[in-house]
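# Coordinate analysis (summary)
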Amino acid sequence: MTVTARRATLTLTIALLALLLAACGASAQWDAGRSLGIAASWAYSGGDNGYRLELGQSDFVIDAGFFTAQNYGTLGDGDVYALEVGIGPSMFMPEYQGTSFVVGVAGYRFSPDDPALDDDDSFTWWVGAGDFEHSNGGLFYQYRYIFDGPIEGSQGIVGWAL
């Protein structure tokens, strides 16, 4: 990876982390009465499967994940490290009681199985529907669509809120 590419990757990573911190801070200031919940989940999507650790409430979700990806462009198979941030409509409409959905941004690092190839960083949008509020423990299900990157496409997610 060239120096320019590394600087661009670092800049985008810092921007994503700043967005993550801003979402947490904004949500905490807007409604301090809601509690956060933690959940662990398994995502399945054909050959791109993996795990997420999520922190969420009805307004937003933050998660980190590890996936195995197959046939990612010319890079082939490899591991994917993810950081995803999403917000729901109740972030802006406190009385919103409709279907739970989230729109978010994500950063992915793809590490190919072939050691001769460089890692690939990508940033994209995603949308999801299902249970993102983990303050009530138990089994949950989500559906996500990721618009680009190494785990692009539909994902079904099954997890347990702690």
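This brings us to the overall build of the chain. Check the secondary structure of the chain and you find one helix and eight strands. In the chain, the order of α-helices and β-strands from amino to carboxyl end is α-β-β-β-β-β-β-β-β. Partitioning the contacts of the chain with sequence separation of at least 6, the portion at a separation of at least 24 is 49%. Entry remark: accessible area of the chain is about 8500 Å², with carbon and sulfur atoms responsible for 62%.

With that out of the way, let us pick up the sheet that holds strand β8 (residues 153–161). Strand pairing in a sheet is mediated by backbone hydrogen bonds. Such pairs are either parallel or antiparallel. In space, the eight strands of this closed barrel follow the order β1-β2-β3-β4-β5-β6-β7-β8, with antiparallel pairing throughout. The sheet shows a mean angle of 30° between the axes of neighbouring strands, direction not considered. In terms of strand pairing, strand β2 (residues 49–56) meets strand β3 (residues 60–72) through eight bridges, oriented antiparallel. Each bridged residue has a counterpart across the sheet, and for N49 the counterpart in β3 is T68.

Within the largest apolar cluster, 20 residues are counted, with the highest numbers of intra-cluster contacts made by F67, V80, Y108, F110, W126 and I151. Elements with a contribution of two residues or more to this core: β1 (37–44), β3, β4 (76–87), β5 (101–112), β7 (138–146) and β8. Excluding anything up to four places from it in sequence, F110 contacts A69, Y72, L75, G76, D77, G78, D79, V80, D119, D120 and P150.

We now examine the environment of G88. Looking at where G88 falls in the secondary structure, it is placed in the loop between β4 and β5. Given a relative accessible area of 4%, G88 falls into the buried group. Taking C-alpha positions, G88 is 6.5 Å from V103, a pair spaced 15 residues apart along the chain. Leave out the neighbours within four places in its chain, and G88 touches S58, D59, F101 and V102.

Quick look at the pairing of β2 now. Across a regular strand the side chains alternate sides, sitting on one face of the sheet and then on the other. Burial along β2 is one-sided: G50, R52, E54 and G56 are buried, and none of N49, Y51, L53 and L55, which face the opposite way, are. Hairpin geometry of β1 and β2 is characterised by an intervening segment of four residues between the two adjacent antiparallel strands and by a positive phi of about 65° at G46. Count of turn residues in the β2/β3 antiparallel hairpin: three residues.

With that settled, consider the pairing of β4. With eleven bridges connecting them, β3 and β4 associate as antiparallel partners. The residue bridging F66 from the neighbouring strand is Y81, located in β4. Hairpin connection from β3 to β4: three residues lie between these consecutive antiparallel strands, with G73 at a positive phi of about 50°. Alignment of β4 against β5, held across ten bridges, turns out to be antiparallel. From the neighbouring strand, G86 faces β5, where its bridge partner is G104.

The rules behind each value
Residues numbered from 1 in each chain as written. Predicted model: local features only at pLDDT ≥ 70, side-chain atom pairs only at ≥ 80, totals over all residues. Heavy atoms only, no water. Helix = DSSP H or I, 4+ residues; strand = E, 2+ residues; numbered from the N terminus. Contact = heavy atoms within 4.5 Å. Areas by Shrake-Rupley, 256 points an atom, 1.4 Å probe, with all protein chains shown as cover. Pairing = 2+ DSSP bridges. Axes fitted to C-alpha atoms, helices over the stretch in contact; angles between N-to-C directions. Core = buried A, V, L, I, M, F, W, Y, C linked by side-chain atoms within 4.5 Å. Buried < 20%, exposed > 50% of the residue type's maximum accessible area, 1.4 Å probe, protein only.

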